[in-house]
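# Structure assessment
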Amino acid sequence: MALAIITRGAQAGRRLTIVQWPATIGRDAGSVIPIDDHRVSRYHARIKKRDQLYILEDLQSRNGTWLNGDKVSNSVINSGDKILVGDTEIVFLTPEAQIDLATELFELEHVASGNDFDEIGGPLDIVQGEEQEALPQAKRLGPDLELGFQSLSANLLATIFEAHSNILSADGLKECCATVLKGIHTINPEISRSVIFLWTRSSRKLIPLATRHAGKISKFFFPKRAIESVISRKQGIILSPAISGTTQIARHRIILPLTHHGELLCLVHLEIDNIPIGVSPELLAGVRFLLERAAPSIDSFCLRQDLDSYSVGMIEAMIATLEAKDTYTHGHSERVSRYCMAIAEEMSLDREVKKLLLMSALCHDIGKIGIPDAILRKAALLNPDEYEEMKQHPVIGANIVAHLPNVKRFISGIKYHHEKWDGSGYPDGLVGEDIPFFGRIVAVADVFDAMVSGRSYSGFLDEGDAVEKLTGEKDLFDPDVVSAFGKAWQSGRLTQKTSTQKKSLPTDDSDS
């Protein structure tokens, strides 16, 4: 048996169990997977089964069959792959590919539900399913919040934005996830336990990155069928306690997907004890609002992990060497990369483009390794000769990274981040759109960090003033990039805590 889940198109949300092989896909009513889409042929494609192997075959359809973005005529298909026929997208799942759960952080209790939620009609339907502890009610949360964000109280919004500010200050994926959980518990102190899992689609593995209060119990409840449902539908579920005889177990479980641009990044599993009245809609909306705001930060850290480990190791070693030479640059490359990711987010850049931009931003000042210490560490303004030597660092940096993989795709942010829109920059005096795109983005992020972090001879500039100054210098920077930067700052995507001013997060003995 296998599943076909329609995730895009007129029938989005429909799930079909496949027990007949080959499984035909098409507009014909007799198809195993019938598709209501005028761009789909009557007999469009079929999935054949050969032992444990599945093969997707196009049946000479009018508009072709696509597998994970590539047009195919006959191709092996794996569990979790996406099929596109016409305007309809189908996710194919097989029982052979179970979720692999890493349990390094805590002991988990696997619980198989007696109902796999396949027949739920709408996003808010209630179903009953056998669980090991009781007969809980499962309430599926639709993609839109039941309580609009505009209805959240002023105090709750202030709590959310403070938590988001702390998330933006995190230094890594695990710290970011731990900070997300801290924020969730602040929003709703009644939450007893929480875990955040990283989802790796290729291996179908859930990796626990952070837990909170999990140490107070010997086992953590893991409703396998509900987890499968959340992953496939990208919709949250509330498992509420149900009365079994005369005993009511007052433990609510909330499983929420953390997605970004339609891509599942993490699962958040929350448990709330002893609240028989149910989960507060406003507090649930607040948690989901925080997750929505945290998603870009988590995505950026995931992108960082996706970069080739050898390249990242080399780059981090070079950055550490540079920061050892010049105390001003400590944390500078990391902050500039975060600002660049905020700009990229505002400009809706593709994930692969963001990955390359991240590499470019991290490496942008590598060339300062080749600048003499007397110039690099000078506390006063440079004289003309010293300034001319300092201006060589973009070219030196480009030469240093010249042999890294895919360097041609990200080197522009290193070599051209000091070019100016009016042609007054260096090293080549490029004008306007002749400046490569990454160079234009890194330039804005670099200048902003120089303003708010403060060189020893100029001091700190208030962030609002720095944004205003950048906005006013339209002759020097790409106006579209500056506009995106300003919007990112106004929306709160940029942290207001630079590494030189960063507020330490409070410790909590209950964290693990």
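In case you missed it, the structure is sitting above this.
So, here is what we can say about the structure in this document. Fair warning: this is a prediction, and the values are worked out from it, not measured in the lab.

### With respect to the pattern of salt bridges
Following the criterion strictly, the structure yields 15 salt bridges and no others. Residue Glu271 pairs with Arg193 through a salt bridge whose shortest N-O separation is 2.9 Å. With Glu271 in strand β23 (residues 263-273) and Arg193 in strand β16 (residues 191-200), the pair connects residues that are 78 residues apart, well separated along the chain. When sorted by exposure, Glu271 lands in the same class as Arg193, which is buried. For the salt bridge of Arg351 with Asp299, the shortest nitrogen-to-oxygen distance reads 2.9 Å. Residue Arg351 is found in helix α7 (residues 351-363), and its partner Asp299 is found in helix α4 (residues 281-306); the two are separated by 52 residues along the sequence. Each of Asp299, Glu345, Arg351 and Lys354 takes part in one network of salt bridges that share partners.

### Examining helix α6 (residues 332-346)
Taking 1.5 Å per residue as the helical rise, α6 with its 15 residues ought to reach 21 Å, and the 21 Å between its terminal C-alpha atoms agrees with that figure. In terms of residue burial, α6 counts as a mostly covered element, since 12 of its 15 residues are buried. Taken together, the buried positions of α6 are His332, Ser333, Arg335, Val336, Ser337, Tyr339, Cys340, Met341, Ala342, Ile343, Ala344 and Glu345. Trailing α6 by a residue or two, Ser348 shows a phi angle of about 55 degrees, which is positive.

### As for the nonpolar core
Soluble globular proteins: nonpolar side chains tend toward being buried together. One finds Ile315, Cys340, Leu357, Phe410, Val444, Phe448 and Phe485 to be the most contacted residues of the largest nonpolar core, which totals 44 residues. Within the residue set of this core, elements represented by two or more residues are α5 (309-325), α6, α7, α12 (437-453), α13 (463-472) and α14 (479-490). When residues of this core are assigned to their parent elements, the largest contribution, 9 residues, is made by α12. Sequence-distant contacts of Cys340, that is, excluding residues within four places in its chain, are made with Leu357, Ala361, Ile441, Val442 and Ala445. Counting residues in each nonpolar core, the second largest holds 38 residues, with Ile191, Ile254, Ile272 and Ile298 among its members.

### Examining the packing of aromatic side chains
Enumeration according to the criterion identifies 8 aromatic pairs in this entry. For the ring pair Tyr339 and Phe485, a centre distance of 6.4 Å and an interplane angle of 85 degrees mean the geometry is edge-to-face. In this pair, Tyr339 is assigned in helix α6 and Phe485 in helix α14, connecting sequence segments 146 residues apart. Between the aromatic rings of Phe437 and Phe438, the centroid separation amounts to 6.5 Å while the plane-to-plane angle is 40 degrees, which identifies the pairing as tilted. The rings of Trp21, Tyr54 and Phe92 are connected pair by pair, giving a single aromatic cluster.

### Here's the deal with the packing of α12 against α14
Taken N-terminus to C-terminus, the directions of α12 and α14 make an angle of 45 degrees; their axes are 10 Å apart at the nearest point. Between α12 and α14, the angle is such that the two are oblique. Our pair here, α12 against α14, has a crossing hand that is right-handed. In this structure, α12 contributes Phe437, Arg440, Ile441, Val444 and Phe448 to the contact, and α14 contributes Val481, Val482 and Phe485.

### Observations concerning the sheet that holds strand β4 (residues 33-34)
What the 5 strands build is an open sheet, ordered β4-β3-β5-β6-β9; its pairing is mixed. In this open sheet, the two edge strands, each paired with only one partner strand, are β4 and β9 (74-76). Bridge analysis of strand β3 (residues 23-26) against β4 gives 2 bridges, and the strand direction is parallel. Across the sheet, Gly26 pairs through a bridge with Pro34, a residue of β4.

### Concerning the side chain of Lys420
Relative to the assigned elements, Lys420 resides in the loop between α11 (412-415) and α12. Within the buried set, Lys420 has no salt-bridge partner at all; the shortest N-O distance to an opposite charge, 7.4 Å, is to Asp446. Setting aside its immediate chain neighbours within four residues, Lys420 contacts Gly425, Leu430, Val431, Ile435, Leu476 and Phe477.

### Some points on the state of the cysteines
Evaluation of the coordinates by the stated rule reveals 0 disulfides. Residue Cys177 stays outside any disulfide, its sulfur separated by 4.9 Å from that of Cys266, the closest cysteine. A residue is classified by how much of its surface remains accessible, and Cys177, at 0% relative accessible area, is buried.

### Focus on the sheet that holds strand β2 (residues 15-18)
Each strand in a sheet pairs with its neighbour through backbone hydrogen bonds, running either in the same direction (parallel) or in the opposite one (antiparallel). The strand order β2-β1-β11-β10-β7-β8 describes an open sheet built from 6 strands, whose pairing is antiparallel. The sheet is open, and its two edges are formed by β2 and β8 (70-72), each paired on a single side. In this sheet, adjacent strand axes meet at a mean angle of 30 degrees when their direction is disregarded. The pairing of strand β1 (residues 2-8) with strand β11 (residues 88-93) spans 5 bridges and is antiparallel. Bridge pairing links Ala4 to Phe92 in β11.

What counts as what
- By convention here, each chain's residues receive numbers from 1 onward along its written sequence.
- Since the coordinates come from a predicted model, pLDDT governs what is reported: local features require at least 70, and pairs of side-chain atoms require 80 or more to be given and counted, while whole-chain, interface and lining totals use all residues.
- To obtain the side-chain values, all non-hydrogen atoms of the structure were included, while hydrogens and water were left out.
- By salt bridge we mean one thing: a side-chain nitrogen of Lys or Arg within 4 Å of a carboxyl oxygen of Asp or Glu.
- Numbering of helices and strands runs from the N terminus, with a helix taken as a DSSP run of H or I at least four residues long and a strand as a DSSP run of E at least two residues long.
- Only protein chains enter the area calculation, which uses a 1.4 Å probe; residues under 20% of their type maximum are buried, those over 50% are exposed, and those in between are partly exposed.
- Here, expected helix span is obtained from the residue count minus one, scaled by 1.5 Å.
- Here the nonpolar core consists of buried residues drawn from Ala, Val, Leu, Ile, Met, Phe, Trp, Tyr and Cys, with membership extended through side-chain atoms lying within 4.5 Å.
- Throughout, a contact is declared for two residues whenever any of their heavy atoms are within 4.5 Å.
- Aromatic pairing here means that ring centres of Phe, Tyr or Trp (its six-membered ring) are within 6.5 Å. Orientation follows from the plane angle: under 30 degrees is stacked, over 60 is edge-to-face, and everything else is tilted.
- Only the contacting stretch of a helix is used when fitting its axis, a line to C-alpha atoms as for every element, and angles between N-to-C directions run 0 to 180 degrees.
- The cut-offs work like this: below 35 degrees is roughly parallel, past 145 is roughly antiparallel, 65 to 115 is roughly perpendicular, and the gaps in between are oblique.
- Whether a crossing is left-handed or right-handed is set by the direction in which the near helix is turned from the far one by less than a right angle, anticlockwise for left-handed and clockwise for right-handed.
- Strands pair, by our definition, only if DSSP identifies at least two bridges between them.
- Here the positive residues are Lys and Arg and the negative ones are Asp and Glu; neither His nor the chain ends is included.
- Cysteine sulfurs are considered disulfide-paired once they come within 2.5 Å of each other.

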